Amino acid sequence: MARHVPVKFQDKLRLVQRAVDVARGQERRHFDFSDEVAPGVRLVLSEAGGVPIALSLWSSATDIAELCGDAAYPATSALLAIDREQAHELADAGVLVDLAQLTRSESTPGLYYALFDHASPRRLHEVLHRLIPALPSHGRAA
């Protein structure tokens, strides 16, 4: 059973999801970051096979604990998330997202995440390539 998620946090989740939906309709590069779409949340933008991808990158310790359903993540600097609906839409378009490499959120059904103790652009980029094998190869990370 999913645990209770505070109303303010649910509002933030909806705001971030709207930003993800909008970002997926915009032009993007291989790997880029958005400005904050909500306090402590940016988007990681990419595309594979012409299909836009937008994952949320959470950096607030409070938000991370809420998404993980546990406050026992003090050393975590960021959480990268994708919702099941986007993952299925990408799969339908021929772009596999390896959800098996992610953890399913107990507090937010349909959300999958990876935790980072150090969330440098290079590290995020490496993980993005592991999660989405169809991302085209290139020289150097952004």
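Because the structure is a prediction, the values reported are computed rather than measured.

### Brief notes about helix 2 (residues 61–68)
Line of reasoning, step 1. Summarising burial for helix 2: six of the eight residues are buried, a large majority.
Line of reasoning, step 2. Buried residues of helix 2: D63, I64, A65, E66, L67 and C68, and no others.
Line of reasoning, step 3. Against the buried residues of helix 2 lie helix 1 (7–23), strand 2 (41–48), strand 3 (51–58), strand 4 (78–83) and strand 6 (111–116).
Line of reasoning, step 4. Downstream of helix 2 by a residue or two, G69 has a phi angle that is positive, lying close to 75°.

### Overview of the pairing of strand 6
Line of reasoning, step 1. Across the six residues that make up strand 6, a large majority, five, are buried.
Line of reasoning, step 2. As paired strands, strand 4 and strand 6 are joined by six bridges and run antiparallel to one another. If you follow I82 over to strand 6, its bridge partner there is Y112.
Line of reasoning, step 3. The turn linking strand 5 (residues 103–104) back onto strand 6 is made up of six residues, and G110 within it adopts a positive phi angle of 90°.

### Structural notes on the pairing of strand 2
Line of reasoning, step 1. For strand 2, the tally of buried residues reaches six of eight residues, placing the bulk of the element in the interior.
Line of reasoning, step 2. Where strand 1 (residues 31–33) meets strand 2, three bridges bridge the pair, whose relative direction is antiparallel. Bridging from a neighbouring strand, F33 pairs with V44 of strand 2.
Line of reasoning, step 3. Note that strand 2 and strand 3 share eight bridges and pair antiparallel. What sits directly across from R42, in strand 3, is L57.

### Brief notes about the layout of surface pockets
Line of reasoning, step 1. Considering only enclosed or pocket space, the largest pocket measures out at about 240 Å³ in volume.
Line of reasoning, step 2. Lining of the largest pocket is provided by 18 residues; of these, L13, Q17, D83, T108 and L111 occupy positions nearest its centre.
Line of reasoning, step 3. Of all the elements in the fold, those that place two or more residues in the lining of the largest pocket are helix 1, strand 3 and strand 4.
Line of reasoning, step 4. Looking at the lining of the largest pocket, the element that brings in the most residues is helix 1, giving six residues.
Line of reasoning, step 5. Broken down by class, the residue content of the lining of the largest pocket amounts to 10 nonpolar, six polar and two charged.

### Considerations on the nonpolar core
Line of reasoning, step 1. If you look at the biggest cluster of nonpolar residues, it comprises 25 residues, and the most contacted ones within it are I53, I82 and I132.
Line of reasoning, step 2. At the level of secondary structure, the elements contributing two or more residues to this core comprise strand 2, strand 3, strand 4, helix 3 (84–92), strand 6 and helix 4 (121–131).
Line of reasoning, step 3. Counting residues in hydrophobic clusters, the runner-up holds 19 residues, among them L43, L45, A54 and Y113.

### Details of the confidence of the model for the protein
Line of reasoning, step 1. The predicted model of the protein averages 86 in pLDDT, with 87% of residues at 70 or higher.
Line of reasoning, step 2. Per-element confidence in the protein is highest for helix 3, whose mean pLDDT is 94, and lowest for helix 2, whose mean pLDDT is 87.

Reading guide: rules and limits
Residues numbered from 1 in each chain as written. Predicted model: local features only at pLDDT ≥ 70, side-chain atom pairs only at ≥ 80, totals over all residues. Heavy atoms only, no water. Buried < 20%, exposed > 50% of the residue type's maximum accessible area, 1.4 Å probe, protein only. Helix = DSSP H or I, 4+ residues; strand = E, 2+ residues; numbered from the N terminus. Contact = heavy atoms within 4.5 Å. Pairing = 2+ DSSP bridges. 1 Å grid on protein atoms, 1.4 Å probe; cavity = no way out; pocket = protein on both sides within 12 Å on 5 of 7 lines; lining within 4 Å. Points joined across faces, edges and corners; volume = space filled by probe spheres on them. Nonpolar A, V, L, I, M, F, W, Y, C, P; charged D, E, K, R; others polar. Core = buried A, V, L, I, M, F, W, Y, C linked by side-chain atoms within 4.5 Å. pLDDT = per-residue confidence, 0-100.

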